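Working through the structure, step by step
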Amino acid sequence: MADPADPIYELYYWPFIPGRGEFVRLALEVAGAPYRDVARLPETEGGGVSAILRLLGQDAAGVPSFAPPVLKWGDLVISHTALILQWLAPRVGLVPADDRSRLAAHQLQLTMTDFLSETHDCHHPIAASLYFEDQKEESKRRSRYFRQERMPKYLNYFERVLRSNGDSGGRHAVGKDTSYVDLSLFQVMAGLDYAFPRALNRLKPKLPLLAALHDRMAALPRLKAYLGSSRRLPFSEHGLFRRYPELDDEI
Ligand SMILES: N[C@@H](CCC(=O)N[C@@H](CS)C(=O)NCC(=O)O)C(=O)O
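Here is a short report on the structure shown in this document. (Residues numbered from 1 in each chain as written. Predicted model: local features only at pLDDT ≥ 70, side-chain atom pairs only at ≥ 80, totals over all residues. Heavy atoms only, no water.)

This paragraph deals with the sheet that holds strand S2 (residues 35–37). Spatial strand order, S2-S1-S3-S4: 4 strands in an open sheet with mixed pairing. The sheet is open, and its two borders are formed by S2 and strand S4 (76–79), each paired with just one other strand. Within the sheet, the average angular offset between the axes of one strand and its neighbour, ignoring direction, is 20°. By the bridge criterion, 4 bridges tie strand S3 (residues 70–73) to S4 in an arrangement that is antiparallel. By the bridge assignment for S4, Leu71 is matched with Ile78. (Pairing = 2+ DSSP bridges. Helix = DSSP H or I, 4+ residues; strand = E, 2+ residues; numbered from the N terminus. Axes fitted to C-alpha atoms, helices over the stretch in contact; angles between N-to-C directions.)

Moving on, we get to unusual backbone geometry. Residue Pro68 is joined to Pro69 through a cis peptide bond whose omega torsion reads 10°. Mapped onto the elements, Pro69 comes out in the loop between helix H2 (49–57) and S3. Its identity as a non-glycine residue notwithstanding, His80 has a phi of 85°, on the positive side. Looking at the element boundaries, His80 is found in the loop between S4 and helix H3 (81–92).

Turning our attention to the environment of Lys224. Residue position: Lys224 is located in helix H9 (residues 221–227). Taking C-alpha positions, Lys224 is 23 Å from Leu41, a pair spaced 183 residues apart along the chain. Setting aside residues up to four positions removed in sequence, Lys224 forms contacts with Ala218 and Ala219. (Contact = heavy atoms within 4.5 Å.)

What follows concerns the site of the ligand. Inspection of the region around the ligand gives Tyr13, Trp14, Arg20, Phe66, Ala67, Pro68, Pro69, His80 and Thr81 as its neighbouring residues. The separation between a nitrogen atom of the ligand and a polar main-chain atom of Pro68 is 2.8 Å. Coverage of the ligand by the protein chains reaches 66% of its 500 Å² of free accessible surface. Of the residues assigned to the shell around the ligand, the class counts are 6 nonpolar, 2 polar and 1 charged. (Near = heavy atom within 4 Å. Polar contact = N/O pair within 3.5 Å; in protein donor to acceptor, adjacent residues only side chain to side chain. Areas by Shrake-Rupley, 256 points an atom, 1.4 Å probe, with all protein chains shown as cover. Nonpolar A, V, L, I, M, F, W, Y, C, P; charged D, E, K, R; others polar.)

What follows covers the environment of Ser179. Structurally, Ser179 can be placed in the loop between helix H5 (136–164) and helix H6 (180–195). Ser179 gets classed as buried once you look at its relative accessible area, which sits at 0%. Separated by 74 residues in the primary sequence, Ser179 and Ala105 have C-alpha atoms spaced 8.2 Å apart. Each residue touching Ser179, except ones within four places of it in the same chain, is listed here: Leu94, Val95 and Val174. (Buried < 20%, exposed > 50% of the residue type's maximum accessible area, 1.4 Å probe, protein only.)

To continue, consider the pattern of salt bridges. Here the idea is simple: oppositely charged side chains can pair when their charged atoms come close. Per the stated rule, a full pass over the model turns up 10 salt bridges. Across the salt bridge formed by Asp6 and Arg91, the nearest N and O atoms sit 3.8 Å from each other. Taken as a pair, Asp6 in the segment before strand S1 (9–12) and Arg91 in helix H3 lie far apart in primary sequence, 85 residues in all. Owing to a relative accessible area of 29%, Asp6 belongs among the partly exposed residues under this scheme. Judged by its relative accessible area of 34%, Arg91 is partly exposed. Here the residues in one salt-bridge network are Glu22, Arg25, Asp37, Arg40 and Arg232, joined through shared partners. (Salt bridge = Lys/Arg side-chain N within 4 Å of Asp/Glu carboxyl O.)

This paragraph deals with the side chain of Glu10. Along the chain, Glu10 falls in strand S1. At 2.7 Å, the side chain of Glu10 forms a polar contact with the side chain of Arg36. If sequence neighbours within four positions are ignored, Glu10 has contacts with Arg36, Val38, Val70, Leu71 and Lys72.

Interhelical geometry of helix H1 (residues 21–31) versus H3 gives an angle of 10° and a closest axis separation of 10 Å. Judged by the angle between their axes, H1 and H3 are roughly parallel. Within the contact between the two elements, H1 uses Phe23, Val24, Ala27, Leu28 and Ala31 and H3 uses Thr81, Ile84, Leu85, Leu88 and Val92. Among the residues making up the contact of H1 with H3, the classes are represented as 9 nonpolar, 1 polar and no charged. (Parallel < 35°, antiparallel > 145°, perpendicular 65-115°, else oblique.)

Encoded structure:
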């Protein structure tokens, strides 16, 4: 139970894309935790991209952060999506209490971190500083291997994780209730459905538990309300999951 005297959670993430910040946002939203999405506030209220740049430039609050998302709580500053969620989840009831489950949850989230990195590199295989158009041929080549090899390997693994969690009847990745890992899997499925709809549809017959998890999460009252609100940023051609039809070919 949160103490009313506790500081409010402050999320720092690029204000125009869901990106990696969305994984933290989903946890805060579903937990009903009060938070401030700092960079989405107007500059006049201390928000905007400059709020992120200020935070990244600060040395005072312990170890400097390399990149957003960053979660600030009082003078505690945490970066890296998986680490933020590992710290946040026990405080907001989104992970079971035992060590084994918490380690399992963190392990799965770190695997998602790797998957996200590979997903991003489909449209930016050479350099993040180059436009997609300047690395299109490499993107196409890389995406073919992603669709054929990496995407099925990761998704089949997460399907197996759900299947092997007999405690939940395949309904949750860890434990018997919704955890931050379930919410992150929801976001991964939603993102892939946006970026690689054809590849995902080809794989879906072998992913019944993941597909069902996605739909169940989307129907959670708090998540449903959030998804229908202006707080939910749409996927676009500027984030982690981008729809470039030429990267989602037949093969
Ligand atoms: N491992 C980090 C990766 C953070 C990251 O790559 N952040 C992106 C936005 S999603 C960024 O702004 N990176 C800037 C950079 O790498 O220079 C995490 O999972 O949070």
